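# Per-entry structural report
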Amino acid sequence: MSLVTSPSANLPVNDLALEASLRAVLADLVHRCPSLTKAEKRELPSDLPKVRASFLADIRRQIRLGGDPLGEAYARIFSPEERRSTGTTFTPAKIISQMFDLAARLVRDPGLVVDCGAGSGRFTIAALRHYRKAHVLACEINPLLALIIRATARVAGLDSRMKVVLGDFRALKLPRRSTPTLFIGNPPYVRHHDIEPHWKRWYQDELARHHITGSQLAGLHLHFFLKARQLGQPGDAGCFITSAEWLDVNYGKDLRKLLLNGLGGHTVHLFPAAHQLFADALTTSAITTFQVGQTHHGMGFTESNGQPRRLTHWVPTQELQEARAWSSFARPLRQTATEATATLGDYFLIHRGQVTGANHLWIANEATPPLPASCLFPAVTHAKEIIRLGGGPLCDPTNLQRVIDLPADLGALPARDRRVVEAFIAWAETHGGTASYIAQHRRPWWRVKLKAPPSIIMTYMGRRPPVFARNLADARLLNIAHGLYPRTPIDDPTLDALVGWLNEHVLLSSGRAYAGGLIKFEPGEAMRIPIPPLEHFVHVA
Ligand SMILES: C[S@@+](CC[C@H](N)C(=O)[O-])C[C@H]1O[C@@H](n2cnc3c(N)ncnc32)[C@H](O)[C@@H]1O
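The rules behind these values
Residues numbered from 1 in each chain as written. Predicted model: local features only at pLDDT ≥ 70, side-chain atom pairs only at ≥ 80, totals over all residues. Heavy atoms only, no water. Near = heavy atom within 4 Å. Polar contact = N/O pair within 3.5 Å; in protein donor to acceptor, adjacent residues only side chain to side chain. Areas by Shrake-Rupley, 256 points an atom, 1.4 Å probe, with all protein chains shown as cover. Helix = DSSP H or I, 4+ residues; strand = E, 2+ residues; numbered from the N terminus. Nonpolar A, V, L, I, M, F, W, Y, C, P; charged D, E, K, R; others polar. Pairing = 2+ DSSP bridges. Axes fitted to C-alpha atoms, helices over the stretch in contact; angles between N-to-C directions. Contact = heavy atoms within 4.5 Å. Salt bridge = Lys/Arg side-chain N within 4 Å of Asp/Glu carboxyl O. Buried < 20%, exposed > 50% of the residue type's maximum accessible area, 1.4 Å probe, protein only. Parallel < 35°, antiparallel > 145°, perpendicular 65-115°, else oblique. Left-handed = near helix turned anticlockwise from the far one by under 90°. 1 Å grid on protein atoms, 1.4 Å probe; cavity = no way out; pocket = protein on both sides within 12 Å on 5 of 7 lines; lining within 4 Å. Points joined across faces, edges and corners; volume = space filled by probe spheres on them. Phe/Tyr/Trp six-rings, centres within 6.5 Å; stacked < 30°, edge-to-face > 60°. Domains from an automatic or database assignment. Buried area = accessible area lost by both parts, 1.4 Å probe.

In the region of the ligand, 23 residues are neighbours, and Gly 87, Thr 91, Gly 117, Glu 140 and Phe 169 sit closest. Residue Ala 118 places a main-chain N or O atom 3.4 Å away from a nitrogen atom belonging to the ligand. Measuring from a nitrogen atom of the ligand, one finds a side-chain N or O atom of Asp 168 at 3.1 Å. About the coverage of the ligand: the protein hides 99% of its 590 Å² of free accessible area. Breaking the shell around the ligand down by element, the ones donating at least two residues are helix 7 (122-130) and helix 10 (220-231). Here the shell around the ligand is built from residues that sort into nine nonpolar, nine polar and five charged.

Here it is as structure tokens:
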């Protein structure tokens, strides 16, 4: 039982069982904080009880060790029913760290992180720790929680890069930014019955700007996605965990359309209700990631029982547009799993990407003399370019490096190009271009001879199973990856479904182990990878 029974009791606070104890601790921890709003000051009346110094020291110690004692106290003091009207529930640390991992695939060094509906500041504190240079804006509507965020960040020594905005996220304004912004958080689940009419109008008007007819039935979490779209600039990214009902219900199509139209939907990681992520909310959850303004030609889906899977089942945009519900995309192969009685080699020839003999000469860089565009080919030059796709297709060649591939017969070039290419060859020779074994064994020595763009690309070496991706960018390959070439034409849906299956099922055990746990798939081994007959994928797709 608490030592404090009311704010006027004259005993020092020694636990966080009562609201008055929490307020008293907060008053001490935010003492003389210059940026408190009037609403926050009102949360801290002058007649609060004193707090025992040793107890305060213990709270500080817990915060410095990474705990959230103030948020936990808040969740104990206010029952789930009391928190329902503002959709307040706090996200476990494990999920938060998984979400930052997912966000890292979308944006490397955000200049600003916005914690949307910040609660006790768990995402805010994690962001301040995770990104050492970023500024973090915690937007929270509840002044008592805003105080908890300030107190926690202050004790953790992280408050200099943090700003708390007390107010409605939908009213938030951001200045134009020159670095990417990450929108992250657990937007509140508040049903439409509890949303004021003027915000419903805002939702519909704002969606109309994207040519979407918004529903009056949308919950507050959908408003948050829309607000991220409104605030987002191209290059910004987002990662939200929400209830997953929007994937299938009628009003959810507002968000489904938004993700395909400007919000840049990237992946959906579904957590079935059986795997409860939240102590006080019985719900199916989904983590959704997006890259504002990007066109991905589709989205990746997974279903997970513990943590988001690394690789997703990729679904093309057209299929998503036509579908009435999306959650089934997260479990496409469950009922249709079939025996892997065929092999990749039955359908594909597999070749290693090309060896250049001297990447510093044949991958164009600042030192490369000018060359005609016809000699420069976008190519995958690092395995991480495939791994980063997370199972999705390679669509955009613009970020790839250019590999130089010259014709064997320079006489075939227009006269002007020929002079430029000859100057390049002379330069390459003076920089050791003829020295490598590879150059000495190819004719002529300057011809890298890239292979045709493969349909599917795969990594083949590492401590993890190979990663497969469709090559919609017609990229060429260096020898850091293998290319899969269909023996006879295979249609797009089948290729998509096959890539999803391979990313889900190919095990390290089918490869060859090297020293240090490295597993390698030579092209021959890759062709022996067992797969279900392709008719199976026609059915699944
Ligand atoms: C699901 S909780 C998440 C809290 C915290 N981000 C976490 O994950 O631990 C949602 C939070 O959003 C806040 N909230 C509700 N409506 C809001 C609004 N319109 N604008 C800003 N914050 C809001 C609630 O007070 C609550 O703290």
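Taken together, four strands build an open sheet; the order of strands is 11-18-14-16 and the sheet is antiparallel. Looking along the sheet, the strands with just one partner apiece sit at the ends: strand 11 (348-352) and strand 16 (468-470). Across this sheet, the average inter-strand angle for adjacent strands is 25°, counted without regard to direction. In this fold helix 18 (residues 492-505) packs onto strand 11, strand 14 (456-459) and strand 16, with an angle of close to 165° to the strand it touches most, strand 16.

Moving on to the sheet that holds strand 4 (residues 181-185). Taken in spatial order, the nine strands line up as 3-2-1-4-5-7-6-8-9 in an open sheet, and their pairing is mixed. Two strands in the sheet have a free side with no partner beyond their single neighbour: strand 3 (162-166) and strand 9 (313-316). When the angles between neighbouring strand axes are averaged without regard to direction, this sheet yields 20°. One ladder, built from five bridges, connects strand 2 (residues 135-140) with strand 3; its direction is parallel. Looking at strand 3, one finds that Cys 139 is bridged to Val 165. Lying on the sheet, helix 8 (residues 143-155) is in contact with strand 2 and strand 3; it crosses strand 3 at an angle near 175°.

This brings us to the pattern of salt bridges. Think of it this way: side chains of opposite charge can pair up when their charged atoms draw near. Under the defined criterion, the tally for this structure stands at 13 salt bridges. Measuring nitrogen to oxygen at the nearest pair gives 2.7 Å for the salt bridge that ties Asp 68 to Arg 122. Residue Asp 68 is located in the loop between helix 3 (53-64) and helix 4 (69-77), and its partner Arg 122 is located in helix 7; the two are separated by 54 residues in the primary sequence. The exposure class assigned to Arg 122 is partly exposed, which follows from its relative accessible area of 22%. Arg 170 serves as the salt-bridge partner of Asp 168, at 2.8 Å between the closest nitrogen and oxygen. The network of salt bridges with common partners includes Glu 19, Arg 23 and Glu 43.

On to the packing of helix 1 (residues 19-29) against helix 4, then. Between helix 1 and helix 4, the shortest axis-to-axis distance is 10 Å and the interhelical angle comes to 155°. Judged by the angle between their axes, helix 1 and helix 4 are roughly antiparallel. In this structure, the crossing between helix 1 and helix 4 has a hand that is left-handed. Listed contacts from helix 4 to Glu 19, Leu 22, Val 25, Leu 26 and Leu 29 of helix 1 are Leu 70, Ala 73, Tyr 74 and Ile 77.

Note that Asp 496 resides in helix 18. Of the residues examined, Asp 496 reaches a relative accessible area of 7% and is grouped as buried.

Within this model, the largest pocket holds a volume of roughly 970 Å³. Lining the largest pocket are 34 residues, and of these Arg 105, Gln 291, Arg 388, Leu 389 and Asn 399 sit closest to its centre. Elements represented by at least two residues in the lining of the largest pocket include exactly helix 6 (93-104), strand 6 (265-271), strand 7 (285-291) and strand 8 (298-303). Among the elements that make up the lining of the largest pocket, the one with the highest residue count is strand 8 (three residues).

The geometry of an aromatic ring pair comes down to the distance between the two centres and the angle between the two planes. The full count for this structure, using the stated rule, is 17 aromatic pairs. Here Phe 240 and Phe 290 contribute two aromatic rings whose centre-to-centre distance is 5.6 Å and whose plane-to-plane angle is 75°, an arrangement assigned as edge-to-face. Of this pair, Phe 240 sits in strand 5 (residues 237-243) while Phe 290 sits in strand 7, and the two are 50 residues apart along the sequence. The same class applies to Phe 240 as to Phe 290, namely buried. Ring centres 5.8 Å apart and planes at 85° place the aromatic pair Phe 301 and Trp 326 in the edge-to-face group. Note that Phe 301 is positioned in strand 8 and Trp 326 in the loop between helix 12 (317-322) and strand 10 (342-343), a separation of 25 residues in sequence. When sorted by exposure, Phe 301 lands in the same class as Trp 326, which is buried. Taken together, the aromatic side chains of Phe 225, Phe 240, Trp 246, Phe 290, Phe 301, Trp 326 and Phe 329 make up a single cluster linked through ring pairs.

It is worth spelling out the domain arrangement of the protein at this point. Domain annotation for the protein reports domain 1 (19-82), domain 2 (84-330) and domain 3 (342-540). Relative placement of domain 2 and domain 3: their C-alpha centres are 36 Å apart. Facing the ten residues of domain 2 at the interface are 15 residues of domain 3. Buried surface at the junction of domain 2 and domain 3, both sides included, amounts to about 1100 Å², of which 56% is carbon and sulfur. Connecting domain 2 to domain 3 are zero salt bridges. Run the count over domain 2 and domain 3 and you get zero residue pairs in polar contact (both at pLDDT 80 or more).

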